[in-house]
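Topology and contacts: notes
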Amino acid sequence: MRSKNLDFEKPLIELGQHIEQLKSFAEENPESSIAENIKALEADADRFTRHTLQKLTRWDKVWLARHEERPQTPIYINALFDDPIELHGDKLFDDDQALNGGLAWFDGNPIVYLAHQKGKNLKERQAVNFGMPHPEGYRKARRLMKFAEKFNRPIISFVDTPAAHFDRGSEERGQAMAIAENLAEMARLQVPMIVILIGEGGSGGALAIAMGDRVLMMEYAIYCVAPPEACSSIVWKDDGTHAPQAAEALKPTAVDLLEFGIIDGIIREPLGGAHRDFPMAAKRVKSAIRKHLKELMQLDRDVLLQQRSERYRRIGIYGEENL
């Protein structure tokens, strides 16, 4: 396990603390000339931070996406939406707290939201199964998708999960089928759907609520077919030792996925990550949602469905051969 502050963050945090100490000294001693140099020192600190972030490996960015202080979906929902009302249960088995959703208002317009839940401490994480949904979570999401379609409400989906849950109970209750049904539902939804990856986007656990008309990623989020540790155990038959190499091979970062055409845009984070300045991060997410939602709401339904179909048919490389 990593510490609360990642290794590459420690010098940045220490530098910030020194600057704050200098500011306090300058306030207590207004006659000193140190205040004149603080702005220059802050500019140097910003340059040092940018230089550090530019050198991050993909494995470093995996841990940044998992940062303990990284904003999670509840704080985004409360910051971006008015009067959110959570709806519960899949009407078949149970209410999975790892994946929630409900009704809210965005810029005065009614929307439906979907969101993974990871939890901020051990008790919360156990309650939400560490953000890994069971089949009933995905069926609840599908129920809300159909509700959104019935009442002509766009869907905003926040993705942050390491993967779908994989225990025996999940398999017995049809985990693969639940994910597949969601994919089929999202392919034919007659309302706009915007997806935002705010942290981890792992495997079918993420994809089950992520097949949107616009898929956006926070700058330091990740999105891949399997967590690097799982990939390491599958390919190298180890205990995750080769996870850094797996991360490089998976290419899970926002820059990688924009180049592949998997996502449609990157939402830039405050310097150092969304956890360093959440109000700024939320402001940029809101601006991105507003921009894309305005564009999508102007499209005729047939055009919306056609563009969605074309979007996903462009992904990947394939061919046909007559045998």
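Each remark here, short or long, concerns the structure printed above.
As a starting point, this report considers the structure included with it. All figures in this text were calculated on a predicted structure; none of them were measured in a lab. (Residues numbered from 1 in each chain as written. Predicted model: local features only at pLDDT ≥ 70, side-chain atom pairs only at ≥ 80, totals over all residues. Heavy atoms only, no water.)

**Describing unusual backbone geometry**
- Residue Lys91 is not a glycine yet carries a positive backbone phi of 65°.
- Checked against the element boundaries, Lys91 lands in the loop between β1 (82–87) and β2 (99–106).
- Of note in this structure, Lys237 is not a glycine but carries a positive phi near 55°.
- Mapping Lys237 onto the fold places it in the loop between α10 (228–235) and α11 (243–250). (Helix = DSSP H or I, 4+ residues; strand = E, 2+ residues; numbered from the N terminus.)

**Considerations on the pairing of strand β4 (residues 155–161)**
- Of all the seven residues making up β4, seven are buried; the element is thus mostly covered by neighbouring parts of the structure.
- Side-chain alternation along β4 places Ile155, Ser157, Val159 and Thr161 on one buried face and Ile156, Phe158 and Asp160 on a second face that is also buried.
- Of the strand pairs in this sheet, strand β3 (residues 109–116) and β4 are connected by four bridges, and their pairing is parallel. Looking at the pairing, Val112 lines up with Ile155 of β4.
- Sheet topology places β4 next to strand β5 (residues 193–202); six bridges connect them, and they run parallel. Looking at the pairing, Val159 lines up with Leu197 of β5. (Buried < 20%, exposed > 50% of the residue type's maximum accessible area, 1.4 Å probe, protein only. Pairing = 2+ DSSP bridges.)

**Some thoughts on the environment of Ala254**
- Relative to the elements of secondary structure, Ala254 occurs in helix α12 (residues 254–260).
- The spacing of Ala254 and Gln306 is 52 residues in sequence and 25 Å in space, taken between C-alpha atoms.
- Ala254 has contacts with Met217, Met218, Glu219, Ala221, Ile263 and Ile266, leaving out every residue within four places of it along the chain. (Contact = heavy atoms within 4.5 Å.)

**Considerations on the packing of aromatic side chains**
- Applying the stated rule across the entire model yields seven aromatic pairs.
- Pairing Trp59 with Trp63 gives two aromatic rings, centres 5.9 Å apart and planes at 85°, and the pair type is edge-to-face. Here the residue Trp59 and the residue Trp63 both occupy positions in helix α3 (residues 58–65), the gap between them amounting to four residues, near one helical turn.
- Judged by its relative accessible area of 14%, Trp59 falls in the buried class.
- Measuring from centroid to centroid gives 6.2 Å for Tyr76 and Phe158, while their planes differ by 20°, and the two rings are stacked. Here Tyr76 is found in helix α4 (residues 73–80), whereas its partner Phe158 is found in strand β4, with 82 residues between them in sequence. Each member of the pair Tyr76 and Phe158 is classed as buried.
- Through pairs of rings, three or more aromatic residues link up here, namely Tyr76, Phe81, Phe106, Tyr113, Phe158 and Phe278.
- Sitting over the ring of Trp63, Arg66 keeps its end group 5.3 Å from the ring centre. (Phe/Tyr/Trp six-rings, centres within 6.5 Å; stacked < 30°, edge-to-face > 60°. Lys NZ or Arg CZ within 6 Å of the ring centre and 35° of its normal.)

**So, a nonpolar patch on the surface**
- On the surface, Ile234, Val235 and Trp236 cluster together into a nonpolar patch covering about 300 Å² of accessible area.
- Tracing the backbone shows Ile234 in helix α10. (Patch = residues over 30% accessible without salt bridge, like charges linked within 9 Å, V, L, I, M, F, W, Y side chains within 5 Å. Areas by Shrake-Rupley, 256 points an atom, 1.4 Å probe, with all protein chains shown as cover. Salt bridge = Lys/Arg side-chain N within 4 Å of Asp/Glu carboxyl O.)

**So, α11**
- Burial in α11 covers these residues: Ala243, Ala246 and Ala247. Projected down its long axis, α11 carries its buried residues within an arc of 105°, all on one side.
- The secondary structure elements touched by the buried residues of α11 are α3 and α10.
- A positive backbone phi angle near 50° is found at Lys251, which sits one or two residues after α11. (Arc of directions from axis to C-beta.)

**As for the nonpolar core**
- In terms of nonpolar packing, the biggest core is built from 59 residues, with Tyr76, Phe81, Ile155, Phe158, Ile196, Met218 and Ile289 touching the most fellow members.
- Of all the elements, helix α13 (residues 278–297) adds the most residues to this core, at eight residues.
- Filtering out sequence-adjacent residues up to four positions away, Ile155 remains in contact with Val112, Leu114, Met145, Ala148, Leu189, Val191, Pro192, Met193 and Ile194.
- Leu6, Trp63, Ile222 and Ala243 belong to the second largest nonpolar core, which has 13 residues in total. (Core = buried A, V, L, I, M, F, W, Y, C linked by side-chain atoms within 4.5 Å.)

**Here we look at the side chain of Thr73**
- For Thr73, the position within the fold is in helix α4.
- Note on Thr73: relative accessible area 1%, which makes it buried.
- A polar side-chain atom of Thr73 sits 3.1 Å from a polar atom in the side chain of Gln117.
- If sequence neighbours within four positions are ignored, Thr73 has contacts with Ala115, His116, Gln117, Phe158 and Ile198. (Polar contact = N/O pair within 3.5 Å; in protein donor to acceptor, adjacent residues only side chain to side chain.)

**Observations concerning the packing of α10 against α11**
- Running from amino to carboxyl end, α10 crosses α11 at an angle of 105°, the nearest separation of the two axes being 8 Å. Accordingly, the angle class assigned to the pair α10 and α11 is roughly perpendicular. The residues of α11 that touch α10, namely those facing Pro228, Glu229, Cys231 and Ser232, are Ala243, Ala246, Ala247 and Leu250.
- For the contact of α10 with α11, the class distribution of residues is six nonpolar, one polar and one charged. (Axes fitted to C-alpha atoms, helices over the stretch in contact; angles between N-to-C directions. Parallel < 35°, antiparallel > 145°, perpendicular 65-115°, else oblique. Nonpolar A, V, L, I, M, F, W, Y, C, P; charged D, E, K, R; others polar.)

**What to know about the pattern of salt bridges**
- Tallying each qualifying case throughout the model produces 20 salt bridges.
- For Arg66, the salt bridge identified is with Glu229, shortest N-O distance 2.7 Å. Remark: Glu229 occurs in helix α10 and Arg66 occurs in the loop between α3 and α4; sequence separation between them is 163 residues.
- Classification of Glu229 by relative accessible area gives partly exposed; the value is 28%.
- Between Glu185 and Arg142 there is a salt bridge, with its nearest N and O atoms 3.4 Å apart. One end of the pair, Glu185, is in helix α8 (residues 175–188); the other, Arg142, is in helix α6 (residues 135–150), and 43 residues separate them in sequence.
- Residue Glu185 is classed as buried on the basis of its relative accessible area of 3%.
- Within this structure, Arg66, Lys118, Asp160, Glu200 and Glu229 form a network of salt bridges that share partners.

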